[in-house]
Amino acid sequence: MKVSDYVLQRLRDWEVSHVFAYPGDGINGLLAAWGRAEDRPRFVQSRHEEMSAFEAVGYAKFSGRTGVCAATSGPGAIHLLNGLYDAKLDHVPVVAIVGQTDRSAMGGSYQQEVDLACLYKDVASEFCEVVTVPAQLPNVLDRAMRVAATRRTVTALIIPADVQELEYEPPAHAFKQVPSSLGAPSSLPAPAAEELARAAEVLNAGEKVAMLIGQGARRARTEVQQVAELLGAGVAKALLGKDALPDTLPYVTGSIGLLGTRPSYEMMRDCDTLLVVGSSFPYTQFLPEFDQARAVQIDLDPSMVGLRYPFEVNLVGDAGETLRRLIPMLDHRSDGAWRRKIEDDTARWWEVMQRRAEVSADPINPEYVVHALDALLPDDAIVAADSGSAANWYARHLRMRGDMRGSLSGTLATMGPGVPYAIGAKFAHPDRPAIAIVGDGAMQMNGLAELITAAKYHREWSDPRIVVAVLNNQDLNQVTWEMRAMQGAPQFEPSQGLPDLHYADIARQLGLHGVRVERPEDVESAWRQALAADRPFVIDFRTDPAVPPIPPHATWDQIKDAALSVLKGDSDRASVVRQGVKAKLQELLPGGGRG
């Protein structure tokens, strides 16, 4: 058995079923071993190493298991980095296995020789190791898998090409030999009783309690609901925790922050007590004023507590177990005035979203595109959103319910993971439909090539549905609006304008289905057609770049500044001004300003 054979065997022992990868001579030994192992674990070929990493991230996010990706030395290993940083910053377990030039050539400025240990030192800071002799295995592989799983991070194994071809020799029962074993232990850590009592005192003293939950609360859904009911609290959700609690609960105010909802913003503005569960939401300005609210945080990671806000009590522990121990200490609220206000505000917000989706645009309002999907989503759908203005509409218009899952690049906010996330999700759950909502910029950057990957593999999925919705406005829209609102600068066409591609035609050339939609009355039928398809389906929605992703806290002065920047730059785009004013009226005035 060669080292390469043993690596694949050990991955199988860890129950790794898929490795998202791209070939190259730096991993030729592993590729040959894959052939000998009859493609176990499954080698999933992307179009680019960055996509392999994104697919591993999507697989890990939606399966709850560790994602594994592999690439060749030099450029292949470099290409993985963006996807690996996406995993690291969103606390997702991913193991990268990369090749390296032969040991005899290292230090000789050889072709494709890159100091990978140095390059990966940051992204795989918890564990990164170079395999130089066979006896390092299985220890280094086991540690890479174990650390990634238990610390929810990225780890890396660098294996020189000549080492892959060596005969495998297990570590001996000898000095300076390190044996190993399988398994990543699971535990449910919880804070000490006295710390829980301190937290309960703070929470019981509050009259207007707000909760903020993130992805760390996903497995504590029942407990979060119990706490919210006891405290009469409203619950806002960080974007990575969008699927942690159903939006059908009347006290769930939805997303928070620049992409958030007005009820979330006002709840944080007016509360006197804050409970944060499993979230490292970074934008302090969307939390209560520092002298306004007493606050408690619960997080599994000791390094993440005490951040973002002057918390009075920081509890380190599993969200579910901590809340289960905290619940008996909490008093039940008898006065529900605070809760009733939150529920009324939230119900009105969804009416506002309906009205904003109904605002006419040229040719289609992107808010309507995503709003129309909301009612059509199957309860077991998996939704991936890309970065950009698409993320705004995903955050505000889609209501999670049932067993729905959803995610995006939360912390890195990188462009291009939408389609590969959905592909990774299909390998995690081949029996569930996946939907990717992407802008045309992200589609041109990464999504087009990964349609080839979807075309290659979709026949293997028991449910072949993967829907890619392209919001095609020929503009890098989020940056355009950021320039207008933050810099007071008009659109800079050379940097922002995009060519108009016929994405549905490209999909059909690949043997997939697709349709181009240019009229609002065709939006819903296109969604229905795509969700009933027998293969991946691309919908090319021609949307209006003049529809602004206005945050819920935007003032009239900020809208005015954005409007003036538009008029300074291109007076023929006065429709942008009208859309901005319309959107704000929809939000602020009774009846949406229709009178």
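Scroll up to find the structure this text is about.
Calculation criteria
- Residues numbered from 1 in each chain as written.
- Predicted model: local features only at pLDDT ≥ 70, side-chain atom pairs only at ≥ 80, totals over all residues.
- Heavy atoms only, no water.
- Salt bridge = Lys/Arg side-chain N within 4 Å of Asp/Glu carboxyl O.
- Helix = DSSP H or I, 4+ residues; strand = E, 2+ residues; numbered from the N terminus.
- Buried < 20%, exposed > 50% of the residue type's maximum accessible area, 1.4 Å probe, protein only.
- Arc of directions from axis to C-beta.
- Contact = heavy atoms within 4.5 Å.
- Pairing = 2+ DSSP bridges.
- Axes fitted to C-alpha atoms, helices over the stretch in contact; angles between N-to-C directions.
- Patch = residues over 30% accessible without salt bridge, like charges linked within 9 Å, V, L, I, M, F, W, Y side chains within 5 Å.
- Areas by Shrake-Rupley, 256 points an atom, 1.4 Å probe, with all protein chains shown as cover.
- Core = buried A, V, L, I, M, F, W, Y, C linked by side-chain atoms within 4.5 Å.
- Phe/Tyr/Trp six-rings, centres within 6.5 Å; stacked < 30°, edge-to-face > 60°.
- Lys NZ or Arg CZ within 6 Å of the ring centre and 35° of its normal.

The next point concerns the pattern of salt bridges. It is possible for side chains bearing opposite charge to pair when their charged atoms get close. All chains considered together, the criterion is met by 36 salt bridges. One salt bridge in this structure joins Asp-39 and Arg-42, with 3.0 Å as the shortest N-O distance. One salt bridge connects Asp-540 with Arg-516, and the closest N-O pair in it is separated by 2.9 Å. Residue Asp-540 is found in strand β18 (residues 537-542), and its partner Arg-516 is found in strand β17 (residues 513-517); the two are separated by 24 residues along the sequence. The network of salt bridges with shared partners includes Glu-223, Glu-321, Arg-324 and Arg-325.

This next bit is on helix α21 (residues 523-531). An α-helical segment advances 3.6 residues per turn. Residues three or four places apart therefore align on the same side. All of the buried residues in α21 are Val-523, Ala-526, Trp-527, Ala-530 and Leu-531. Projected down its long axis, α21 carries its buried residues within an arc of 125 degrees, all on one side. Buried residues along α21 sit in contact with α14 (366-374), β15 (434-439), β16 (466-472), β17 and β18.

Take the sheet that holds strand β6 (residues 154-160) next. With respect to topology, six strands assemble into an open sheet ordered β2-β1-β3-β4-β6-β5, the strand pairing being parallel. Unpaired on one side and paired on the other, β2 (42-45) and β5 (128-130) mark the two borders of the sheet. The sheet shows a mean angle of 20 degrees between the axes of neighbouring strands, direction not considered. In this fold helix α3 (residues 49-63) packs onto β1 (18-21), β2, β3 (67-71) and β4 (94-100), with an angle of close to 170 degrees to the strand it touches most, β3.

Judged by side-chain polarity, Leu-258, Tyr-283 and Met-486 come together as a nonpolar surface patch covering roughly 300 Å² of accessible area. On the secondary structure map, Met-486 appears in helix α18 (residues 477-487). The exposure class assigned to Met-486 is exposed, which follows from its relative accessible area of 55%.

Counting residues in hydrophobic clusters, the biggest one holds 51 residues, and the most contacted among them are Leu-80, Leu-84, Val-94, Tyr-120 and Met-443. In terms of residue count, α3 provides more of this core than any other element does, seven residues in total. Apart from the residues lying within four places of it in its own chain, the contact partners of Val-94 are Ala-56, Val-57, Thr-66, Gly-67, Cys-69, Leu-84, Ala-87, Ala-148, Thr-153, Val-154 and Thr-155. Ranked by size, the runner-up nonpolar core spans 38 residues in total, among them Ala-372, Ala-391, Leu-531 and Ile-539.

Time to look at unusual backbone geometry. Cis geometry marks the peptide bond from Leu-137 to Pro-138, where omega comes out at 10 degrees. Within the secondary structure, Pro-138 sits in the loop between β5 and α7 (139-151). Cis rather than trans, the peptide bond between Asp-362 and Pro-363 has omega equal to 0 degrees. For Pro-363, the location among the structural elements is in the loop between α13 (337-358) and α14.

So, about the packing of aromatic side chains. The geometry of two aromatic rings is summed up by the distance between their centres and the angle between their planes. Applying the stated rule across the entire model yields twelve aromatic pairs. Ring geometry for Phe-20 against Tyr-59: centres 5.7 Å apart, planes inclined by 55 degrees, an arrangement best described as tilted. Here the residue Phe-20 occupies a position in strand β1, and Tyr-59 occupies one in helix α3, the gap between them amounting to 39 residues. We classify Phe-20 as buried; its relative accessible area is 0%. Its relative accessible area of 5% is what places Tyr-59 among the buried residues. Ring geometry for Phe-54 versus Tyr-421: centroids 6.4 Å apart, planes at 80 degrees, classification edge-to-face. Linking Phe-54 in helix α3 with Tyr-421 in helix α16 (residues 418-428), this pair joins segments that are 367 residues apart in sequence. In textbook terms, an aromatic cluster arises when at least three aromatic residues are bridged by ring pairs, as seen for Phe-20, Tyr-59, Phe-427, Tyr-457 and Trp-461. The ring of Tyr-251 is capped by Arg-339, whose NZ or CZ atom sits 4.1 Å from the centre of that ring.

That's the geometry; what it means functionally is another story.
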